[in-house]
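One letter stands for each residue in the lines below.
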Amino acid sequence: MSDLTRLTAVEIAGLVAGGETSAVEVTQAHLDRIAAVDDRVRAFLHVDTDGALAAARAVDERRAAGEELGPLAGVPVAVKDVLTTKGVPTTVGSKILEGWRPPYDSTIVQRLRDAGTVMLGKTNMDEFAMGSSTEYSAYGATHNPWDLDRIPGGSGGGSAAALAAYEAPLAIGSDTGGSIRQPGAVTGTVGAKPTYGGTSRYGLVAFSSSLDTPGPCARTVLDAALLHQAIGGHDPRDSTSIPAPVPDVVAAARLGATGDLTGVKLGVVTEFSGEGAEPGVLAAFRESVDTLAKLGAEIVEVSCPHFRYALPAYYLIAPSECSSNLARFDGVRFGLRVGDDGNRSLEEVMQLTREAGFGPEVKRRIMIGTYALSSGYYDAYYGQAQKVRTLITRDFTAAFERVDALISPTTPFVAFPLGARTSDPYQMYLADLYTIPTNLYGGPGISVPCGLSDGLPVGLQVMAPTMADDRMYRVAAALESAVGTLTPPAL
Ligand code: GLN
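Here is what the cut-offs are and how they apply
- Residues numbered from 1 in each chain as written.
- Predicted model: local features only at pLDDT ≥ 70, side-chain atom pairs only at ≥ 80, totals over all residues.
- Heavy atoms only, no water.
- Helix = DSSP H or I, 4+ residues; strand = E, 2+ residues; numbered from the N terminus.
- Rg over C-alpha atoms; globule rule 2.2 N^0.38 Å.
- Contact = heavy atoms within 4.5 Å.
- Areas by Shrake-Rupley, 256 points an atom, 1.4 Å probe, with all protein chains shown as cover.
- Lys, Arg positive; Asp, Glu negative; His and termini not counted.
- Charge placed at Lys NZ, Arg CZ, Asp CG, Glu CD.
- Buried < 20%, exposed > 50% of the residue type's maximum accessible area, 1.4 Å probe, protein only.
- Pairing = 2+ DSSP bridges.
- Axes fitted to C-alpha atoms, helices over the stretch in contact; angles between N-to-C directions.
- pLDDT = per-residue confidence, 0-100.
- UniProt positions renumbered as here; feature names shortened; annotations may be inferred.
- Core = buried A, V, L, I, M, F, W, Y, C linked by side-chain atoms within 4.5 Å.
- Disulfide = S-S within 2.5 Å.
- Near = heavy atom within 4 Å.
- Polar contact = N/O pair within 3.5 Å; in protein donor to acceptor, adjacent residues only side chain to side chain.
- Nonpolar A, V, L, I, M, F, W, Y, C, P; charged D, E, K, R; others polar.
- Salt bridge = Lys/Arg side-chain N within 4 Å of Asp/Glu carboxyl O.

Draft legend 1. Seen up close, the overall build of the chain. Along the backbone of the chain there are 16 helices and 11 strands. Its C-alpha atoms give the chain a radius of gyration of 21 Å, near enough to 23 Å, the size a compact globule of 491 residues would have. Overall, the C-alpha framework of the chain stretches about 70 × 55 × 45 Å when taken along its three principal axes. Look at the contacts in the chain between residues 6 or more apart in sequence, and 76% of them connect residues 24 or more apart. Just so you have it, the chain exposes about 17500 Å², and 52% of that area is on carbon and sulfur atoms. Positive and negative charge centroids in the chain, built from 40 and 55 side chains respectively, lie 3 Å apart.

Below, the structure written as structure tokens:
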């Protein structure tokens, strides 16, 4: 394996800017790595070899012309297949969009191009980002590089696995209930969910619009911060985008890397740090809490009594929004069309297309959501869940009056074997038990590797107030400076 694939984004950008290597060489090394390991990992749904090499050549030409390059110029990035890419297939892990080549770039992808990063391709995901293991992808599961018989998390398992397998130094994910942070935790990588509205949803295929948040994935906290800085900030094309600059997450990550947390007050969420998590996860978490205290942080216990209702509330709100959002996949406008033989009505063609195009989990969510929104049930289900959402937000607000940030394990358990939870949706949903409250509140959350349990990675989650994304980067970088990054066994 070429050494170039082991480098951080910061190191790669430095070498490219200094002329010690070229963006083309870096890109080729990653394409070679993908060719060598991805038949086993299956992180990618589509590798854009020509597009990547062309983008890399453009960076090398700009450098040769003496142009100033940005901090991530020439760095390869893998993009979750939930974001539209002009002319490059975008499936959202679903058969219903098989073959669709969007006519436009999402804002995130446009900003990646503007930053001079090199898009390697599109990564595997649970269909429409619904799932926690990437096993609900219509194109087959992704495998965890730490143990190929285990799940890489989900829904963004492809992006996380690509990082852990050294197929890409940076990746993009989207987090509706944990799909950036949970895959990060179980693959020993870093994943950050920005403040809702801090990153643009324009061109992000919608699952649950009040929760969906694109964000950065990387192998180090500083790399994630640089990527966050590059893709974040106001976008007039997204009506819920926050009209404010990105908090200085890069400076915060650099500050955290000094390993000094003096003056920082952290709250351990009582409800998420007791039983419910695997003993090995709790042990790694507890050890990290001690480490954070040694770095100077003041640690207190904070009870967030309504967090226990977050999972049921989420599984009403997210399906409700999805039942509406997914109505647009009707066999007329994009992708698959089934049964259009000239003899069938439009309605029949729509039914046949949706029957064939959506997988079982997506259908389950559409049915739950349609039921929860139907007249006579709306108040009891959707309305009630929205009230719980308000109570969870109040828990966060009260907590942040006492502490700067909250911490918990990212997930209750480490990567489980492929197939272990596919027949029981509730067991699958539990993977996001600790990540969902942040989505309902809208604040930022990050997962950073904090140790191993039986040889498998464990993540620690840092949750911060809305638009205080910088705080979580500082804490995560400080922990990383003490724990180090995790290296999976060689593939
Ligand atoms: N696993 C959760 C779900 O299935 C979260 C998914 C996500 O964040 N996209 O809905």
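Draft legend 2. Structural view of the pairing of strand β10 (residues 445-453). For β10, the tally of buried residues reaches eight of nine residues, placing the bulk of the element in the interior. For strand β5 (residues 190-193) and β10, the ladder comprises three bridges, and the chain directions are antiparallel. The residue bridging Ala192 from the neighbouring strand is Ile446, located in β10. The hairpin formed by β10 and strand β11 (residues 456-463) contains two residues between the paired strands, and Asp454 there has a positive phi angle of roughly 50°.

Draft legend 3. Broad picture of the sheet that holds strand β8 (residues 298-302). The strand order across the open sheet built from 11 strands is β1-β3-β2-β4-β6-β5-β10-β11-β9-β7-β8, with neighbouring strands paired in mixed fashion. Each end of this open sheet is capped by a strand with a single partner; those strands are β1 (44-47) and β8. Adjacent strand axes in the sheet meet at a mean angle of 30° when their direction is disregarded. Across the sheet, helix α16 (residues 469-483) touches β5, β6 (213-218), β7 (265-269), β10 and β11, and the angle it forms with β10 is around 20°.

Draft legend 4. Highlighting the side chain of Arg201. With respect to the element layout, Arg201 can be found in the loop between β5 and β6. For Arg201, a relative accessible area of 17% corresponds to the buried category.

Draft legend 5. Looking closely at the confidence of the model for the chain. Here the chain averages 97 in pLDDT, while 100% of its residues score no lower than 70. No element of the chain has a lower mean pLDDT than helix α14 (residues 425-429), which averages 95, and none a higher one than strand β2 (residues 76-80), which averages 99.

Draft legend 6. Region of the structure containing the UniProt feature "active site" (unreviewed entry) in the chain. UniProt marks Lys80, Ser155 and Ser179 with the feature "active site" (unreviewed entry), using the numbering shown here. A maximum C-alpha distance of 10.7 Å places the annotated residues, which cover 100 residues in sequence, within one compact spot. Take Lys80: it is sitting in strand β2. Sequence-distant contacts of Lys80, that is, excluding residues within four places in its chain, are made with Lys122, Thr123, Met125, Ala129, Ser155, Gly156, Ser159, Ile172, Gly173, Ser174 and Ser179. Position of Ser179 among the secondary structure elements: in the loop between β4 (170-175) and α6 (181-187).

Draft legend 7. Inspection of the nonpolar core at higher detail. In this structure, Phe128, Ile172, Leu292, Leu406, Ile407, Leu460 and Tyr473 are the most contacted members of the largest nonpolar core, which totals 144 residues. A per-element tally of this core places helix α10 (residues 310-325) first, with eight residues. For Ile172, the residues in contact, after removing those within four places along its chain, are Val77, Ala78, Val79, Lys80, Leu83, Ile108, Leu112, Ser159, Gly215, Cys217, Leu227 and Ile231.

Draft legend 8. Structural view of the pairing of strand β9 (residues 405-409). Within β9, five of the five residues are buried, which leaves the element mostly enclosed by the surrounding structure. Here four bridges tie β9 to β11, and the two strands are oriented antiparallel to one another. Paired with Ile407 across the strands is Val462, a residue of β11.

Draft legend 9. Structural view of helix α7 (residues 221-231). Of all 11 residues making up α7, nine are buried, and the element is well covered by its neighbours. Of all the residues in α7, the buried ones are Val221, Leu222, Asp223, Ala224, Ala225, Leu226, Leu227, His228 and Ile231. Of the residues flanking the end of α7, it is Gly233, one or two places downstream, whose phi is positive at about 100°.

Draft legend 10. Highlighting unusual backbone geometry. Of note, the amide linkage connecting Gly154 to Ser155 takes the cis form, showing an omega dihedral of 10°. Relative to the helices and strands, Ser155 resides in the loop between β3 (118-123) and α5 (157-164). One non-glycine residue with positive phi stands out, namely Tyr166, at about 60°. When you line up the elements, Tyr166 lands in the loop between α5 and β4.

Draft legend 11. Just the state of the cysteines, in detail. Inspection of every chain in the model, using the stated rule, returns zero disulfides. Free of any disulfide, Cys217 has its nearest neighbouring cysteine sulfur in Cys450, separated by 18 Å. Considering cysteine sulfurs only, Cys450 is the nearest to Cys304, which forms no disulfide, with 19 Å between them. When its relative accessible area of 0% is taken as the criterion, Cys304 is described as buried.

Draft legend 12. The site of the ligand, seen in detail. Not every one of the 15 residues close to the ligand is listed here, only the nearest: Gly177, Ser179, Tyr314, Arg365 and Asp432. In this structure, a nitrogen atom belonging to the ligand sits 2.9 Å away from a side-chain N or O atom of Ser132. One nitrogen or oxygen atom from the main chain of Gly177 is found 2.6 Å from an oxygen atom belonging to the ligand. Burial of the ligand by the protein amounts to 100% of the accessible area it has alone, namely 290 Å². Here the shell around the ligand is composed, by residue class, of five nonpolar, seven polar and three charged.

Draft legend 13. Summary view of the side chain of Arg111. Looking at the element boundaries, Arg111 is found in helix α4 (residues 107-114). The side chain of Arg111 sits in the buried core without any salt bridge; Asp235 is the nearest counter-charge, 4.7 Å away. One polar contact links the side chain of Arg111 to the main-chain carbonyl oxygen of His234, over a distance of 2.8 Å.

Draft legend 14. Up close: the UniProt feature "domain: Amidase" (unreviewed entry) in the chain. Sites flagged by UniProt as "domain: Amidase" (unreviewed entry) map to residues 25-471. Taken end to end, residues 25-471 comprises 38% helix and 14% strand; its first and last C-alpha atoms sit 36 Å apart.

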